[in-house]
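Results of the structural survey
Below are the chains, spelled out letter by letter.
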Amino acid sequence: MMNKAAELLARSRFAVAFTGAGISAESGIPTFRGFNGLWKHYRPEELATPEAFRRNPELVWEFYRWRMGLIGKAKPNRAHLALAELEKMGVIKAVITQNVDDLHREAGSRRLIELHGNIFRVRCTSCAYRENLKDSGRLESFLREEKLPSCPICGSLLRPDVVWFGEPLPVNALDEAFRLAERSDLILVIGTSGIVYPAAYIPRIVKDRGGMVIEINTEESGITPIVDIFLMGKAGEIMNELVKRIGELMK
Ligand code: OAD
Ligand code: ZN
């Protein structure tokens, strides 16, 4: 199966990757669902909805500052690095991610579509102000503060620039992801439960247009019924092996 997957990728014309929280599990970032998933310990409707933020911004900011700190210490793992490597080799044309953790960018992926935002960005709830706390060098001081963060332009409350339950996805990112899926002949799906829409449409678009679906996951997911090849196991281990075999095939 691994050899077959390597061959299909090496021979593909326009392959894209679609990733979820499972690709970052080996970097020490908890996934949302499954054993020990975040949503086992916390209720998303109290932490990740616009209503929750209106009701209790202190609690929501406490949760996001905690996650920012955790994610800020995490490093890309072999799966992120392998995807960046495959892009350099010309095998993968783009990475479409549901993750907000920035690890694909840190690993060197260039064409990256973030469907659910980025946890290191904040934006104003009133004006157009946006800031990337990593780029502005303010992440540490931001995490140390306990009071609610306010906009340097208009003084209104800042919020994390991520997509919450019940909110639309950023239009440009979703458009680009759909366009990529429509022209792609192979999608490599890694570490997602594949049940959160509209993101979960993406592999289905590729499939409906006659493309191949290869999935890597430690267990079956919502995508598994439509896959051509299922590689069961940890993303880091499997991607490491896959990139080696593709490299040999392309020599
Ligand atoms: P989930 O937590 O729903 O799913 C993680 C998937 O990764 C599961 O299918 C696991 O089996 C798999 N997995 C865990 N460890 C793995 C490993 N080491 N290697 C490979 N696979 C592994 O995360 P997502 O599918 O990303 O939404 O969740 C989708 C969306 O729901 C998230 O983007 C987030 C969440 O609520 C928003 O923030 C809007
Ligand atoms: Zn403002």
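For the structure itself, look to the data block above.
Residues numbered from 1 in each chain as written. Chains lettered and ligands numbered in written order. Predicted model: local features only at pLDDT ≥ 70, side-chain atom pairs only at ≥ 80, totals over all residues. Heavy atoms only, no water.

**Thoughts on the coordination of the zinc ion (ligand 2)**
Convention followed: Here a donor is an N, O or S atom found within 2.8 Å of the metal, or within 3.2 Å if the metal is Na, K or Ca; sites may look incomplete because water is not among the atoms. Angle rules define the geometry names used: all angles between 85 and 135 degrees makes four donors tetrahedral, while opposite donors over 155 degrees apart and all other angles between 65 and 115 make four donors square planar and six octahedral, leaving every other case irregular. Only runs of H or I of at least four residues qualify as helices and only runs of E of at least two qualify as strands under DSSP, and these elements are numbered from the N terminus. Burial here depends on accessible area, computed with a 1.4 Å probe over protein chains only, as a share of the maximum for the residue type. Under 20% is buried, over 50% is exposed, and the range in between is partly exposed.
Bound to the zinc ion (ligand 2) are the protein donor atoms Cys124 (SG), Cys127 (SG), Cys151 (SG) and Cys154 (SG), situated 2.2 to 2.3 Å from the metal. For the zinc ion (ligand 2), the four donor atoms are set out with angles of 100 to 119° between them, so the coordination reads as tetrahedral. Considered as a linear motif, the donors of the zinc ion (ligand 2) on their single chain read C-x2-C-x23-C-x2-C. With a gap of 30 residues between them, Cys124 in strand β4 (residues 117–124) and Cys154 in the loop between α8 (139–144) and β6 (158–162) connect regions that are remote in the sequence. Using a relative accessible area of 39% as the deciding quantity, one classes Cys154 as partly exposed.

**Examining a nonpolar patch on the surface**
Where we set the bar: Each patch groups residues whose relative accessible area exceeds 30% and which form no salt bridge, using 9 Å between like charges and 5 Å between nonpolar side chains of Val, Leu, Ile, Met, Phe, Trp and Tyr. Reported accessibility uses the Shrake-Rupley method at a 1.4 Å probe radius. Residues are deemed covered only where the shown protein chains occlude them. What counts as a salt bridge is simple: a side-chain nitrogen of Lys or Arg found within 4 Å of a carboxyl oxygen of Asp or Glu.
Together, Tyr42, Trp66 and Leu70 make up a nonpolar patch on the protein surface, roughly 250 Å² of accessible area in all. What makes Trp66 partly exposed here is its relative accessible area of 37%.

**Considerations on the site of ligand 1**
So the rule is basically this: What makes a residue near a molecule or strand is one non-hydrogen atom of that residue sitting within 4 Å of it. N or O atoms within 3.5 Å of each other form a polar contact, as long as, within protein, one can give a hydrogen and the other can take it, and as long as residues adjacent in sequence are counted only when both atoms are side-chain atoms. Any residue that is not Ala, Val, Leu, Ile, Met, Phe, Trp, Tyr, Cys, Pro, Asp, Glu, Lys or Arg is counted as polar, Gly included; the first ten are nonpolar and the last four charged.
With respect to spatial proximity, 23 residues lie near ligand 1, and among them Phe32, Arg33, Thr192, Ser193 and Asn217 are the closest. One of the backbone nitrogen or oxygen atoms of Gly191 is found 3.2 Å away from an oxygen atom of ligand 1. Note that an oxygen atom of ligand 1 is positioned 2.6 Å from one of the side-chain N or O atoms of Asn217. Isolated, ligand 1 exposes 800 Å² of accessible area, and the fraction of that covered by the protein chains is 91%. Its residues assigned to classes, the shell around ligand 1 shows eight nonpolar, eleven polar and four charged.

**Notes on the sheet that holds strand β3 (residues 112–114)**
Our working definition: DSSP-based pairing: two strands are paired if at least 2 bridges between them are found. To define axes, lines are fitted to C-alpha atoms, for helices over the stretch in contact only, and angles between the resulting N-to-C directions are given on a 0 to 180 degree scale.
Read from one edge of the open sheet, six strands run β3-β2-β1-β7-β8-β9, paired in parallel fashion. Taken across any chain shown, the strands that pair with only one partner, and hence form the sheet edges, are β3 and β9 (229–232). Strand-to-strand twist in this sheet, taken as the mean axis angle between neighbours without regard to direction, amounts to 15°. One ladder, built from five bridges, connects strand β7 (residues 186–190) with strand β8 (residues 212–217); its direction is parallel. Directly across from Ile190, in β8, lies its bridge partner Ile216.

**Brief notes about the side chain of Asp102**
The test is simple: Any two residues whose heavy atoms approach within 4.5 Å at even a single point are treated as in contact.
Residue placement: Asp102 occurs in the loop between β2 (92–97) and α7 (103–107). For Asp102, a relative accessible area of 6% translates into the label buried. Reaching out from Asp102, the side chain makes a polar contact with the side chain of Asn118 at a distance of 2.9 Å. Contacts of Asp102, omitting those with residues within four sequence positions, involve Glu114, Asn118, Phe120 and Lys134.

**Let's talk about the pattern of salt bridges**
Opposite charge on two side chains lets them pair, provided their charged atoms get close. Applying the stated criterion across every chain, the model contains 18 salt bridges. Of the charged contacts, one joins Glu51 and Arg54 as a salt bridge, the two residues approaching to 3.9 Å between their closest N and O atoms. One end of the pair, Glu51, and the other, Arg54, are both in helix α4 (residues 50–55), three residues apart, so they sit about a helical turn from each other. Relative accessible area serves as the criterion here: at 41%, Glu51 is assigned to the partly exposed category.

**A short note on the sheet that holds β6**
Strand pairing in a sheet relies on backbone hydrogen bonds, with the paired strands running either antiparallel or parallel. The antiparallel open sheet is built from three strands, whose spatial order is β5-β4-β6. A single partner strand is all that each edge strand has here, and the edge strands are β5 (130–132) and β6. With direction set aside, neighbouring strand axes in the sheet form an average angle of 35°. Pairing of β4 with β6, which is carried by four bridges, proceeds in the antiparallel orientation. Opposite Val122, over in β6, you have Pro160 as the bridge partner. The strands that helix α5 (residues 57–73) touches are β4 and β6; relative to β4, the one it contacts most, it runs at about 135°.

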